[in-house]
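# What the coordinates show
Listed below, chain by chain, are the residues.
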Amino acid sequence: MAKQPVLLGRAGDSLRESFGKELTALSSEYENVVVLDADIAGGTGMHHFRKAFPDRFIQCGIAEQNMMAMSGGMAATGLIPIVTTFSVFMLRAIEQARLSVAYANMNVKIVASHPGLDVGPDGASAQCLEDIACYRSIPNMVVISPCDPTEMEQATKAILDYVGPVYMRTGRSNTKRILDESYNFEIGKGKILRDGSDVTIVACGVEVARSLEAAELLSSEGISARVVNMATIKPIDSELLVRCVKETGAIVTAEDHSVIGGLGGAVAESIAMHEPAPIEFIGTKDVFGESGEPDELAEKYELTAAFIVKAAKRCIKRKLA
Amino acid sequence: MNNDWLRRKALESIYHAKSGHPGGVLSAIDIIEYLYNNEMDYDINDFDRIDRDRFVLSKGHSAAALYAVAAKVGIISSSRLNGLRKLNHELQAHTHRVSTPWAEASTGSLGQGFSFAIGEAYGLRMQNVSNRVYVMIGDGEMQEGEVWEGAMFASHNGLDNLCAIVDYNKLQSDDFNENIIKLEPLTAKWESFGWSVIEIDGHDGIEIKEAFDKAKKIKLKPTIIIAHTVKGKGVSYMENSPAWHGSLKLTDSELRSALSELGASEKEIEEAISG
């Protein structure tokens, strides 16, 4: 018998894997949960669910538009459909998400793996840098991007308990566990992970770990940076942002997404309205990615801690000017 | 079958809306009426129960036909019909699940209602509910790739609780189907996608009844009824004319002439005009 090829990224602590494991663990209790897959369960973490609940795993084939609109109909019969594929293909089905999920206000959870440059070698076609911007603009849609396996596990339960449409990002690459069990994820609430008084770094997803690293680097230079994990991009936690502006006077946003319309856009809209302050954006600068390892891409496209440090210093200078 | 009253009410609502799609409303209305009056198992007062048949109007621009039928069977009051397409009114131009939950899906983007209905059929079967799901699509709608994605899914899964109907009036927004993108051979297409196909005259009550009776007996496959219809059926100046696809405004004289042809008395016509 020929040796089986090793499937990349199957094992480990990636956000997609922790989502897959947690959803599977919860689904004995949440009997109405069904998973819709577009022939990519090995990549989205849904292979765990398929194995545990074959009768509740719905193979839709490579047909994302039908999958998305069907999920609305399934929810109409009382099920809680989890629509899964890569985030770029959630863009392909966004009009179905808009009409048959969000406008109809169906209890569907859209969970997208492979967001951002974190995708790595698969290149620009798979590296979705626009999904937060697009999904955030749809009424009724909650948008979440957890930062580590602990938060992913808590968010998985939270979206099942929440009634209504949700778009949630997972992630392809292995992700450090940065939060312990005392952490308490809540939809719509940002969390201060590290306090500081000179600047606030507001981050989501894989950029949260890089922001904590940046705060450490800043600290060694005598700059006190606060780090906020803004896992819910919509609805944005304006109350916390106002407080951060009042207490630190400068904001840097950091996300593995375009600087147009994502977390940075949401934060800028909020503080422009409620408590204006200088703001700097870490994210891809209206460009596509390319093949490469996630860390190499983060360096080339300026998403690393070193670039967050530079942005924080620029922002503090603007505050003092 | 005589659905003149329904046709009049639907046209009257489009007249008062000052916009709408009369052609496809008139081609679809006989089948929708049959479903709600004769075929489906449902309770006009309880759309929350899971064990009921469902209908999705995927060609949502024909919503005026569905609303008129809903008024006839008592789901809504006929006094609501002339609020179609008006501000702060529940009768949206295309069906909307939030404002009219009994209409099942939010529609207006072709292909989606078809998928939504497939999702309902799959969801019911998963939960061992034996009720049926009906979905009407337009002919031009079959140009959407999503329809064929759904067609493959439904046959692959043997959804015999699903019955689709094509309102095959041969006309779409700009022109005849065959001048836009050809659909034929339709029967062969659907059969090759694994569906059971029944072709009927979509305005003939006996053929409609026989088709739905037959569809219920077909096992392990979804069924599609290809209903040959006439766009604008019942109003001679609209019949088979692409100009009446809409969205368009009906003038007083156009409404008078249509209502008169549909058997309305002078008094009824005056009442319709004054709304």
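Keep in mind that what you see is a predicted model, and the values were worked out from it rather than measured.

About the criteria used
Residues numbered from 1 in each chain as written. Chains lettered and ligands numbered in written order. Predicted model: local features only at pLDDT ≥ 70, side-chain atom pairs only at ≥ 80, totals over all residues. Helix = DSSP H or I, 4+ residues; strand = E, 2+ residues; numbered from the N terminus. Rg over C-alpha atoms; globule rule 2.2 N^0.38 Å. Buried ≥ 20, exposed ≤ 12 C-beta atoms within 10 Å, placed from the backbone. Contact = placed C-beta atoms within 7 Å. Pairing = 2+ DSSP bridges. Right-handed = clockwise from strand over helix to strand, strands pointing away. Nonpolar A, V, L, I, M, F, W, Y, C, P; charged D, E, K, R; others polar. Axes fitted to C-alpha atoms, helices over the stretch in contact; angles between N-to-C directions. Parallel < 35°, antiparallel > 145°, perpendicular 65-115°, else oblique. Expected span 1.5 Å × (residues − 1).

## Description of the overall build of chain A
Secondary structure assignment for chain A yields 13 helices and 12 strands. For 321 residues, the compact-globule estimate of 2.2 N^0.38 gives 20 Å, and the C-alpha radius of gyration of chain A, at 19 Å, lies within 12% of that figure. A principal-axis box enclosing the C-alpha atoms of chain A has dimensions of 60 × 50 × 35 Å. Scored against the burial criterion, the 321 residues of chain A give a buried share of 60%. The long-range fraction of contacts in chain A, counting pairs at least 24 apart against all pairs at least 6 apart in sequence, stands at 80%.

## Remarks on the overall build of chain B
Counting its secondary structure elements, chain B contains 10 helices and 5 strands. For 275 residues, the compact-globule estimate of 2.2 N^0.38 gives 19 Å, and chain B sits close to it at 18 Å. Its C-alpha atoms put chain B at 55 × 45 × 35 Å along the principal axes. When each of the 275 residues of chain B is scored for burial, the buried share is 54%. Long-range pairs, those at least 24 residues apart, make up 74% of the contacts in chain B with a sequence separation of at least 6.

## Thoughts on the pairing of strand β6 (residues 166-169) of chain A
Residue and element names in this part refer to chain A. Residues V166 and M168 of β6 are buried on one face, and the alternating residues Y167 and R169, pointing to the opposite face, are buried as well. Both strand β4 (residues 109-113) and β6 contribute to a ladder of 4 bridges, which runs parallel. Along β6, the bridge assignment pairs A112 with R169. As a crossover connection, the stretch from strand β5 (residues 142-144) through helix α8 (residues 149-161) into β6 is right-handed.

## Topic: the interface of chain A and chain B
It is common to give the size of an interface as the accessible area that goes away when the parts come together. On the chain B side, the residues contacting the 22 residues of chain A number 24 residues. Breaking the side of chain A that touches chain B down by element, the ones donating at least two residues are α4 (64-75) and α6 (94-103) of chain A. For the side of chain A that touches chain B, the element with the most residues is α4 of chain A, which contributes 8 residues. Grouping the amino acids of the side of chain A that touches chain B by side-chain chemistry returns 10 nonpolar, 11 polar and 1 charged.

## Structural notes on the pairing of strand β8 (residues 199-203) of chain A
All names here are of chain A. Counting buried positions along β8 yields 5 of 5 residues, so the element is predominantly enclosed. Where burial is concerned, the two faces of β8 agree: the one with V199, I201 and A203 and the one with T200 and V202 are both buried. Pairing analysis gives 5 bridges linking β8 to strand β9 (residues 225-229), with the strands arranged parallel. Counterpart to V202 in the pairing with β9 is V228. Between β8 and its parallel partner β9, the chain crosses via helix α9 (residues 207-220), and the hand of that crossover is right-handed.

## Notes on the sheet that holds strand β11 (residues 251-258) of chain A
All names here are of chain A. Reading across the sheet, the 5 strands line up as β7-β9-β8-β11-β12 and stay open at both edges, with mixed pairing between neighbours. Because the sheet does not close on itself, it has two edges, and the strands there are β7 (191-194) and β12 (279-284). Recorded for the sheet is a direction-independent mean angle of 25° between the axes of neighbouring strands. In the packing of helix α10 (residues 238-248) onto the sheet, contacts are made with β8, β9 and β11, and the angle to β9 comes to roughly 175°.

## Quick word on the environment of K231 of chain B
All names here are of chain B. Checked against the element boundaries, K231 lands in the loop between β5 (223-228) and α9 (252-261). Sequence separation of K231 and Y42 is 189 residues, and the distance between their C-alpha atoms is 29 Å. Leave out the neighbours within four places in its chain, and K231 touches G23, G24, S27, N169, L171, E239, N240 and W244.

## Concerning the packing of helix α1 (residues 4-17) of chain B against α9 of chain B
Residue and element names in this part refer to chain B. Interhelical geometry of α1 versus α9 gives an angle of 175° and a closest axis separation of 10 Å. With respect to each other, α1 and α9 are oriented roughly antiparallel. Contacts between α1 and α9 pair R8, L11 and Y15 from the former with L255, A258 and L259 from the latter. For the contact of α1 with α9, the class distribution of residues is 5 nonpolar, no polar and 1 charged.

## Thoughts on helix α1 (residues 15-26) of chain A
Residues and elements named next belong to chain A. If you check α1, its first and last C-alpha atoms are 16 Å apart, about what 12 residues at 1.5 Å a residue would give, namely 16 Å. Counting buried residues in α1 gives 9 out of 12 residues, a clear majority hidden from the surface. Within the span of α1, buried status applies to L15, R16, E17, S18, F19, G20, E22, L23 and T24. Buried residues in α1 make contact with α2 (41-44), α3 (47-52), β3 (80-86), β4 and α8.

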